Amino acid sequence: QVQLVESGGGLVQAGGSLRLSCAASGGSFSMYTMAWFRQASGKDREFVASIRRRSGSPYYTSYANSTKGRFTISRDDAKNTVYLQMNSLKPEDTAVYFCAATTHWGTFLSPDEYAYWGQGTQVIVSS
């Protein structure tokens, strides 16, 4: 029912910047907790960042320690789109990046908590 379409991946040099976009359709975007995960070759899918609405508060964001201070997650509910701004990219950031959505409460850190996924977009950071 919910479809997520990602864009913005590509090849960048170390130290560069890239912005990923994820457009959602088929549901009520503002209801969803949105997240970015990534999966490097031969490794498990890992949490990158999430953004959710918290009662009585602005959108709440969380980041993996490896990306904190370099990556920024944001959302534009009017455009049904979530973004991941990636700065100071490192070769270790090379992975397929996935957009995910959930309507349920949880830790929001595990891929198992997300029912809806994009197709993934490849990010390659060269030295």
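Above this text is the structure in question.
Quick caveat: nothing in here was measured; it's all calculated off a predicted structure.

(A) Region of interest: the packing of aromatic side chains. Applying the stated criterion across every chain, the model contains seven aromatic pairs. Taking the centre distance of 5.3 Å and the plane angle of 75° together, the rings of phenylalanine 37 and tyrosine 114 count as edge-to-face. Of this pair, phenylalanine 37 sits in strand β4 (residues 33-39) while tyrosine 114 sits in the loop between β9 (95-102) and β10 (116-117); the two residues are 77 residues apart in sequence, bridging distant segments of the chain. Its relative accessible area of 5% is what places tyrosine 114 among the buried residues. Taking the centre distance of 5.8 Å and the plane angle of 65° together, the rings of tryptophan 105 and phenylalanine 108 count as edge-to-face. Judged by relative accessible area, tryptophan 105 falls into the exposed class, the value being 64%. Look at phenylalanine 108 and you get buried, because its relative accessible area is 3%.

(B) Here's a closer look at the sheet that holds strand β1 (residues 3-7). Read from one edge to the other, the open sheet built from four strands follows the order β1-β3-β8-β7, with strand pairing classed as antiparallel. Only two strands of the sheet have a single partner each, and these edge strands are β1 and β7 (71-76). The average angle at which neighbouring strand axes cross in this sheet is 15°, direction not considered. Relative to strand β8 (residues 81-86), strand β3 (residues 18-25) is paired through six bridges, and the arrangement is antiparallel. For cysteine 22, the partnering residue across the bridge sits in β8 and is valine 82.

(C) Region of the structure containing unusual backbone geometry. A positive phi is found at asparagine 80, a non-glycine position, where the angle reads about 50°. Looking at the secondary structure, you find asparagine 80 in the loop between β7 and β8. Residue class for asparagine 80 comes out partly exposed when judged on its relative accessible area of 27%. If you check the backbone angles, serine 88 has positive phi at about 50° while not being a glycine.

(D) How the structure looks around the nonpolar core. Core analysis: the largest hydrophobic core is formed by 27 residues, its most contacted members being Met34, Trp36, Val82, Leu84, Met86 and Tyr97. Broken down by secondary-structure element, the contributors of at least two residues to this core are β3, β4, β5 (46-52), β7, β8, β9 and β11 (121-126). Among the nonpolar cores identified, the runner-up in size contains seven residues, and Ala35, Phe47, Ala100 and Tyr114 belong to it.

Rules used throughout
- Residues numbered from 1 in each chain as written.
- Predicted model: local features only at pLDDT ≥ 70, side-chain atom pairs only at ≥ 80, totals over all residues.
- Heavy atoms only, no water.
- Phe/Tyr/Trp six-rings, centres within 6.5 Å; stacked < 30°, edge-to-face > 60°.
- Helix = DSSP H or I, 4+ residues; strand = E, 2+ residues; numbered from the N terminus.
- Buried < 20%, exposed > 50% of the residue type's maximum accessible area, 1.4 Å probe, protein only.
- Pairing = 2+ DSSP bridges.
- Axes fitted to C-alpha atoms, helices over the stretch in contact; angles between N-to-C directions.
- Core = buried A, V, L, I, M, F, W, Y, C linked by side-chain atoms within 4.5 Å.

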